[in-house]
Amino acid sequence: MDCSRREMNTIVFLGVLAAVALSSSLRCEYGQRFLGRCKPTDESKTKCTDMVLGYCEDMPYAQTMFPNTLGHRTREEAEMSTEYLLLSVIHSLLNGECSPDIRMLGCSVLAPHCQRHKVLKPCRSTCEAVFMSCGHAFEGIKMAWPYFLDCDRFFVSKEEGCYDPLEGLRDQQEEALSSFPVEPSTLIQFTYQSNAQMTSILTRTAARCSDIATTYSIGRSVEGKDLLVIEFSNNPGRHELLEPEVKYIGNMHGNEVLGRQLLLYLVQYLCSEYQLGNQRVQTLINTTRIHILPSMNPDGYELAFPGVQDSIDPEHETGGRYVGRTSGRTNAQNIDLNRNFPDLTSLAYKRRRQKGYRTDHIPIPDSYWFGKVAPETYAMMRWIRSIPFVLSANFHGGELVIAYPFDFSKHPLERNMFSPTPDEKVFKLLARTYADAHATMSRIDTERCRGSLRPSEGIINGAQWNSFAGGMQDFNYLHTNCFEITVELGCDTFPPEEELYTAWQENKEALLTYMESVHRGIKGIVQDEDGNGIKEARISVRGIRHDIITAENGDYWRLLSPGIYVVSASAPGYAKVLKKVHLPARMRKAGRVDFVLQRAVQEPDLDQHYNLPSMGTYERFDPYKKFERYALTDVGQNVEERQQKPWWWSYFSAGGTAPTWLLRNY
């Protein structure tokens, strides 16, 4: 009897252990919930409860249930989750794109629809449609598609009895668009962005239009911020034969920000309009390689406007406080970047009396490298030298005018002396192209910001306006093939946000028209008798003492105003060839002028007066390696190659457990 009683006790004890083990096996282990492996338990009867999650209150139903689909047992637990944090900030992370679609789709999982004490699951077809239209936005910020938006795991088919969590949303959006002031094809947010948000716009746009766009970094600022460029081309990432290269640069002075904003709007506009079939935009991108650097001075921008924080709080996405007219103009080293380039203009003036002098491809003097060179300047010079740019514009603020080279007066004591380049006619044509296409710039009755400025039809010679040395547009012209102008966008260097839309409308046509003007003049290929392109052959125009040189495969572009010209092509070891060219006034495309050079006896080097020991040669760049540390990033290197974690990672990893499911390829 005692033995039987002991056996019964043992059986009861083992039964209790089994029950305990079973109950513990049903518990959701730490780290399993976010993988969707936890199931709601029947420890207590679940009932529908009112929707109390703030970011899900606009769902098309009023009641939800806990535990939810992800295993969050209470409202408090759901609100503390990384999933809910992501939904609360997704609008800012994606800069308004796919909003509120992503948030509402996530709410359908985090706060499921409860009806008659049963959970209704969202439709898989809705999830798949959102993924197709919004997946690129997550790729643009280097974020993985959220695991809880897995269409196969958390969504069901219509046959299984689903509901559409976005029901009614499309009708609301169409109604809102009918009264929205921006063209529906390109929904642009006319607000200021932080540097992180600017990077997000560029990378997301490149991901959205990956067939025609890519991003790359040309270097870093003093404080380590990438100088990020977005490129548009029908074959992005490489130079194509006879396709001209254009660049736009904004925010060189950190407190002059309208150019930065306009270029961000232009980036989004080009992407959207190309996809929508805008013939003008498609032609431009298919025939031109366009490079856009919205901010050359991101450090100065942050100093000028500290109110634009790298915040992902949607309630504080915009606004801030402008700290003054001069704060942030310079970079973090207090260097004015538009005074930091080599002064090649003085060298050109000194050689005016020399026989056969030219004003092109002047080497950087060795003495320049003993001064203080900003990393932003260094990056720009390497970039300008590495790509055969034809046309450029640099955007500033403080006046409403186009200034063209030279910027430095031909008389050192004269600050307002007309100082033209040999290409005065071309520069005036380019300047007027932008000014005339602008809504008000070329009008005589337009009010100017400074009483002393007297521009002619909205354009002025830079030195005649305000002479200074070391400017970027003079460097472009004297050191490379590139013709650059300076666009002063208005009196207010930091206009209120409510004026940004108007500024975009005033400049949009000018931004497009100026890029199209790169297809003026002549273009062609210089080859030898075997059909091989000749690199660095010289294209000369009689009467204009400024040559341009051919690119890697022998192609060239020479901007010219309408007229009759005698053009020659020459190269060491080849006989010079001359051709007469007529460019009619109504001609809107570059004329094709090819050259075939025959080998001949080597002629004396026409460049020998430039190759003086005190100056070095054109190839010498940073000869003493004083600034080699700036070149740690190769021009064109993808930012992702150097970033271990994306810019938004710190917002989600600060609370302890790192949500690695947010990382791509983890």
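Above this text you will find the structure in question.
Figured I'd write up the structure that's included with this text. Just so it is clear, the model here is predicted, and its values are computed rather than measured.

Take helix H4 (residues 101-110) next. With 10 of 10 residues buried, H4 is to be regarded as a mostly interior element. All of the buried residues along H4 are Asp101, Ile102, Arg103, Met104, Leu105, Gly106, Cys107, Ser108, Val109 and Leu110.

Right, let's talk about the pairing of strand S14 (residues 538-541) for a bit. Residues Arg538 and Ser540 line one face of S14 and the alternating positions Ile539 and Val541 line the opposite face, and both faces are buried. Examined bridge by bridge, S14 and strand S15 (residues 544-549) share 3 bridges and lie antiparallel to one another. Looking at the pairing, Ile539 lines up with Ile548 of S15. Between the end of S14 and the start of S15, which pair antiparallel, lie 2 residues, with Gly543 showing a positive phi angle near 95 degrees. Two strands pair when backbone bridges link them, and S14 and strand S17 (residues 563-570) are joined in this way by 4 bridges, in the antiparallel orientation. Opposite Ile539, over in S17, you have Ala569 as the bridge partner.

Looking now at helix H16 (residues 472-479). Where burial is concerned, most of H16 is hidden: 8 out of the 8 residues are buried. Met472, Gln473, Asp474, Phe475, Asn476, Tyr477, Leu478 and His479 are the residues of H16 that are buried.

For the rest of this paragraph, the subject is the side chain of Ser295. Take Ser295: it is sitting in the loop between strand S8 (289-293) and helix H11 (298-304). Residue Ser295 is classed as buried on the basis of its relative accessible area of 3%. Side-chain polar atoms of Ser295 contact the side chain of Asn251, separated by 2.8 Å. Apart from the residues lying within four places of it in its own chain, the contact partners of Ser295 are Met198, Leu227, Gly250, Asn251 and Arg260.

With that settled, the discussion passes to the sheet that holds S14. If you walk across this open sheet you meet the 4 strands as S15-S14-S17-S18, and the pairing is antiparallel. Strands at the two margins of the open sheet, each flanked by one partner only, are S15 and strand S18 (577-583). With strand direction ignored, the average angle separating the axes of adjacent strands in the sheet is 25 degrees. By the bridge criterion, 7 bridges tie S17 to S18 in an arrangement that is antiparallel. The residue bridging Tyr565 from the neighbouring strand is Val581, located in S18.

Here the focus is the nonpolar core. Ranked by size, the top nonpolar core spans 106 residues in total, and within it Phe232, Tyr248, Leu266, Ile292, Met380, Trp383 and Tyr434 carry the most contacts. Those residues within four positions of Ile292 in sequence are excluded, and the remaining contacts are Leu228, Val229, Ile230, Phe232, Tyr248, Leu263, Leu266, Val267 and Leu270. Within the second largest apolar cluster, 46 residues are counted, among which are Leu53, Cys134, Phe154 and Trp649.

The topology assignment puts Leu662 in the segment after helix H18 (649-653). In sequence terms Leu662 and Phe652 are 10 residues apart; their C-alpha atoms lie 8.9 Å from each other. If near-sequence neighbours (up to four positions away) are discounted, Leu662 is found in contact with Thr82, Leu86, Lys142, Met143, Ala144, Trp648 and Phe652.

Take the packing of aromatic side chains next. Counting across every chain of the model gives 33 aromatic pairs. Taken together, a centroid distance of 5.0 Å and an interplanar angle of 80 degrees make the contact between Tyr147 and Trp661 edge-to-face. Residue Tyr147 is found in the loop between helix H5 (124-140) and helix H6 (151-154), and its partner Trp661 is found in the segment after H18; the two are separated by 514 residues along the sequence. For Tyr147, a relative accessible area of 10% translates into the label buried. Between the aromatic rings of Tyr192 and Phe494, the centroid separation amounts to 4.8 Å while the plane-to-plane angle is 65 degrees, which identifies the pairing as edge-to-face. Placement of Tyr192 in the loop between helix H7 (169-177) and helix H8 (195-208) and of Phe494 in the loop between strand S12 (483-490) and helix H17 (500-516) is noted, with a sequence separation of 302 residues between them. With respect to burial, Tyr192 and Phe494 carry one shared label: buried. Three or more aromatic residues joined by ring pairs make a cluster, and in this case those are Tyr349, Tyr404, Phe406, Phe427, Tyr477 and Phe483. The cationic tip of Arg339 hangs over the ring face of Phe468; the distance from NZ or CZ to the ring centre is 3.7 Å.

Cut-offs used in this document
- Residues numbered from 1 in each chain as written.
- Predicted model: local features only at pLDDT ≥ 70, side-chain atom pairs only at ≥ 80, totals over all residues.
- Heavy atoms only, no water.
- Buried < 20%, exposed > 50% of the residue type's maximum accessible area, 1.4 Å probe, protein only.
- Helix = DSSP H or I, 4+ residues; strand = E, 2+ residues; numbered from the N terminus.
- Pairing = 2+ DSSP bridges.
- Polar contact = N/O pair within 3.5 Å; in protein donor to acceptor, adjacent residues only side chain to side chain.
- Contact = heavy atoms within 4.5 Å.
- Axes fitted to C-alpha atoms, helices over the stretch in contact; angles between N-to-C directions.
- Core = buried A, V, L, I, M, F, W, Y, C linked by side-chain atoms within 4.5 Å.
- Phe/Tyr/Trp six-rings, centres within 6.5 Å; stacked < 30°, edge-to-face > 60°.
- Lys NZ or Arg CZ within 6 Å of the ring centre and 35° of its normal.

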